[in-house]
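# Structural features, examined
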Amino acid sequence: MGEKSRTYSGRELRGYLTGMLGQNLIYNIIATGLVSTYLQFYLKIPVAAIGVIVAVARVWDAVNDPMMGTIVDRTRTKWGKCRPYLIIFPAIIGAMTILCFVNGIYTEATTSLQRGVIIGWAAVSYIIWGMLFTVCDIPLWGITSLMTEVESDRSKILGLARIAAGVGGIGVLIVQIGQVLGGIFTKGLDPVKDVQAYNAGNQKGFIVAVVIFTVISTILFEFAGISTRERVQVNEKKYTFKENFKIMWQCKPFRQILVSGILRSPIQLLMLIAMPFVTYYFANGDIMNIVSVDVDGSSSLNVGMLINIGIIAAGIFIGQFVAMGITPMLTKKFENKTLYNFFSIGGAVPFALLFVFYKIAGGDVTPLGWIIVTGVMLMLASAGMGGINVMQSVMIADCVDYEEYHNGIRPDGVFFSGQSFITKLSGGIAAIVQAIAYGMVNFSDTAIEEMQAALATGQKTFIEYNDGKFAAVMFFLISIPPAIGMLISALPTLKYALSDKEHARILSELVAKRANANEDNQSA
């Protein structure tokens, strides 16, 4: 059997990457738009309540993700075991995404009962969304090891998948787009005198942005299912949830990756806080401040603010894309374990330096020199994130081969459920850390309303508000916890159990075994 028939076509690759883009747009609508912004700043749900909601969802994920992985591995259809979920469920996930945001308009007249309903709906809808997202997330990554038997092509598709997922990070712009559309609904309203109507208008604008983004994302997501094909043969034996959970933990290299990923959870704080951080610290609470309105009513572009935001945004995203693009090539020259640990330990340094430079600058990094330094640190830190994300996926796919070789089963669904679990647990831990830190400086509820009014009327800037405590906590969260997480995540993989040489031998024997099985079936 030639390599062409054992691997995906260009059309399949493009379709898969389009679907990955759509899926990650939806993920960021929820992670940044809902959890990090909408629940707290628009619905005024206390950070403690948000922390509880996220914690409960993550505890359930500990059971739900491996359960879904088991279901995927037990699936047998003419489409394969992953594609059915990628064809059927994107539209359902899209509908649930919108429902997460339509839980009432918050005003000061909202009663305690109505507030309880809003919080209850936020909790239930978020947990249901997480369950539905898992139904597609595991097959979306699992299908990569079924689309090809060529190791270089698998590394390529996983590297490109991470880039597509990174591009899907533009979903965090839902915050800024929501603000822009909110400005349409609040035109002519005074944020102090018309506070209820002003808040309700901003909320409506956010919901409209969510609907538009979600519809586009869902259409893109569908391509992952309709464009791909599964080529690698699946063992007919099916395992129970309990058996699969045992398989996950007993596979030493997979266990090392799983524990490492959990320890690295705080790095999600960077993407979780990125847009509120940029909006508040560099645009003083409203991205529309890029346009300055003069006393005579004329408007002009605030070039300085635009440059600052551009440098910071470039730092956050460009580093990831470059690292994700070159990492598959680096795997041809360096051992997987070496690259993985390099990204972990090396990435911790720029994360830590972000807060160090912030303190040296006296809490104000808006001067151009400090902006450039901050942008460079963000670029290096995000490069560490991008590289480690690619390596995690590549090494999990290798673990699937390892398990098939040693035990005769191919647990694509169960092992990639571990990646899904890491992603969601990381987001949950990051949200809890954020809630605790915000609570320590009272960055919630009434304090936020008062701050937003003060910023809107020009009484103070975000940098100096509350003696700079709100700004300091944001800088701390995107720096010190991620640095610690990156550093300690290298501990489980310092003596990684699956070398590149051993994996190459395993894969070569598996490919030959499958080819022989095909020949036997054809001659029977």
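Report on the accompanying structure. (Residues numbered from 1 in each chain as written. Predicted model: local features only at pLDDT ≥ 70, side-chain atom pairs only at ≥ 80, totals over all residues. Heavy atoms only, no water.)

### Side note on the overall build of the protein chain
The number of helices and strands found in the protein chain is 19 helices and 2 strands. When its C-alpha atoms are laid out on the principal axes, the protein chain stretches across 85 × 45 × 40 Å. Residues classed as buried in the protein chain amount to 57% of the 524 residues present. Taking all contacts inside the protein chain whose residues are at least 6 apart in sequence as the whole, residues at least 24 apart take part in 85%. Counting only carbon and sulfur atoms, one obtains 66% of the accessible surface of the protein chain, whose full area is about 20700 Å². (Helix = DSSP H or I, 4+ residues; strand = E, 2+ residues; numbered from the N terminus. Buried < 20%, exposed > 50% of the residue type's maximum accessible area, 1.4 Å probe, protein only. Contact = heavy atoms within 4.5 Å. Areas by Shrake-Rupley, 256 points an atom, 1.4 Å probe, with all protein chains shown as cover.)

### Notes on the packing of aromatic side chains
In this structure the tally under the stated criterion is 28 aromatic pairs. With a centroid separation of 5.7 Å and 20 degrees between ring planes, the pair formed by Tyr38 and Tyr42 is classed as stacked. A residue pair is termed a helical-turn pair when its members lie 3 or 4 positions apart in one helix, as Tyr38 and Tyr42 do in helix 1 (residues 10-42) at 4 residues. Just as Tyr38 is buried, Tyr42 falls in that class too. Taken together, a centroid distance of 5.9 Å and an interplanar angle of 25 degrees make the contact between Phe277 and Tyr281 stacked. Remark: Tyr281 and Phe277 occur in helix 11 (residues 268-283); sequence separation between them is 4 residues, near one turn of the helix. You can call Phe277 buried: its relative accessible area is 1%. Since its relative accessible area comes to 4%, Tyr281 is described here as buried. Among the aromatic residues, those joined into a ring-pair cluster are Phe41, Tyr280, Tyr438, Phe443, Phe462, Tyr465 and Phe470. For Arg255, the ring lying beneath its charged end belongs to Trp249, and the centroid distance is 5.6 Å. (Phe/Tyr/Trp six-rings, centres within 6.5 Å; stacked < 30°, edge-to-face > 60°. Lys NZ or Arg CZ within 6 Å of the ring centre and 35° of its normal.)

### Thoughts on the environment of Val180
In this structure, Val180 sits in helix 7 (residues 174-185). Val180 sits 29 residues away from Ala209 along the chain, and the two C-alpha atoms are 9.1 Å apart. Look past the residues within four positions of Val180 in its chain and what remains in contact with it is Ile287 and Met288.

### Side note on the packing of helix 4 (residues 90-99) against helix 8 (residues 195-226)
In contact at an axis separation of 9 Å, helix 4 and helix 8 are set at 165 degrees when each is read in the N-to-C sense. Regarding the angle of helix 4 to helix 8, the classification is roughly antiparallel. Seen along the crossing, helix 4 lies across helix 8 with a hand that is right-handed. Seen from helix 4, the contacting residues are Pro90, Ala91, Ile93, Gly94, Thr97 and Ile98; seen from helix 8, they are Val210, Val211, Thr214, Thr218, Phe221 and Glu222. (Axes fitted to C-alpha atoms, helices over the stretch in contact; angles between N-to-C directions. Parallel < 35°, antiparallel > 145°, perpendicular 65-115°, else oblique. Left-handed = near helix turned anticlockwise from the far one by under 90°.)

### Side note on the nonpolar core
Across soluble globular proteins, nonpolar side chains have a tendency to be buried as a group. Tyr16, Phe277, Phe415, Phe443 and Phe462 are the most contacted members of the largest nonpolar core, which totals 151 residues. Look past the residues within four positions of Phe277 in its chain and what remains in contact with it is Phe282, Ile312, Met474, Phe475 and Ile478. (Core = buried A, V, L, I, M, F, W, Y, C linked by side-chain atoms within 4.5 Å.)

### Comments concerning the pattern of salt bridges
Overall, the coordinates contain 9 salt bridges when judged by the stated rule. It is possible to trace a salt-bridge network through shared partners that takes in Arg154, Asp398, Asp401, Glu404 and Arg410. (Salt bridge = Lys/Arg side-chain N within 4 Å of Asp/Glu carboxyl O.)

### Describing helix 10 (residues 252-263)
Side chains of residues three or four places apart in an α-helix project in the same direction, reflecting 3.6 residues per turn. In this model, helix 10 (12 residues) spans 17 Å end to end at C-alpha, consistent with the 16 Å of a helix rising 1.5 Å per residue. Every buried residue belonging to helix 10 is among Pro253, Phe254, Gln256, Ile257, Leu258, Ser260 and Gly261, and all of these are buried. (Expected span 1.5 Å × (residues − 1).)

### Comments concerning the packing of helix 11 against helix 15 (residues 412-440)
As a packed pair, helix 11 and helix 15 sit with axes 8 Å apart at the nearest point and diverge in direction by 60 degrees. Accordingly, the angle class assigned to the pair helix 11 and helix 15 is oblique. Both helix 11 and helix 15 take part in a crossing whose hand is right-handed. In this structure, helix 11 uses Gln268, Leu269, Leu272 and Ile273 to contact helix 15, whose residues at the interface are Ser426, Gly427, Ala430, Ala431, Val433, Gln434 and Tyr438. Its residues assigned to classes, the contact of helix 11 with helix 15 comprises 7 nonpolar, 4 polar and no charged. (Nonpolar A, V, L, I, M, F, W, Y, C, P; charged D, E, K, R; others polar.)

### Structural notes on the environment of Thr327
Residue placement: Thr327 occurs in helix 12 (residues 303-330). Its relative accessible area of 0% is what places Thr327 among the buried residues. The spatial distance from the C-alpha of Thr327 to the C-alpha of Tyr340 is 10.0 Å, given a sequence separation of 13 residues. Not counting chain neighbours up to four residues away, the residues in contact with Thr327 comprise Phe343, Gly387, Val390 and Met391.

### What about helix 11?
With 16 residues, helix 11 should cover 22 Å at 1.5 Å per step; its first-to-last C-alpha distance of 22 Å lies within 8% of that length. Its maximal kink placed at Ala274, helix 11 deviates by approximately 50 degrees, while the proline Pro276 follows within four residues. The buried fraction of helix 11 amounts to 15 of the 16 residues, a majority that puts the element mostly inside the structure. Following helix 11 by one or two positions, Asn284 adopts a phi angle in the positive range, close to 55 degrees. (Bend = angle between axes of the 7 residues up to and from the residue.)

### Overview of the state of the cysteines
As enumerated under the stated definition, the model contains 0 disulfides in all. For Cys82, which is in no disulfide, the shortest distance to another cysteine sulfur is to Cys136 and amounts to 10 Å. Given the relative accessible area of 0%, Cys82 is considered buried. No disulfide involves Cys100; its nearest neighbouring cysteine sulfur is the one of Cys136, lying 15 Å away. (Disulfide = S-S within 2.5 Å.)

### A short note on the side chain of Gln320
Structurally, the position occupied by Gln320 is in helix 12. Under the relative-accessibility criterion, Gln320 is labelled buried at 7%. Each residue touching Gln320, except ones within four places of it in the same chain, is listed here: Met271, Ser382, Ala383 and Gly386.

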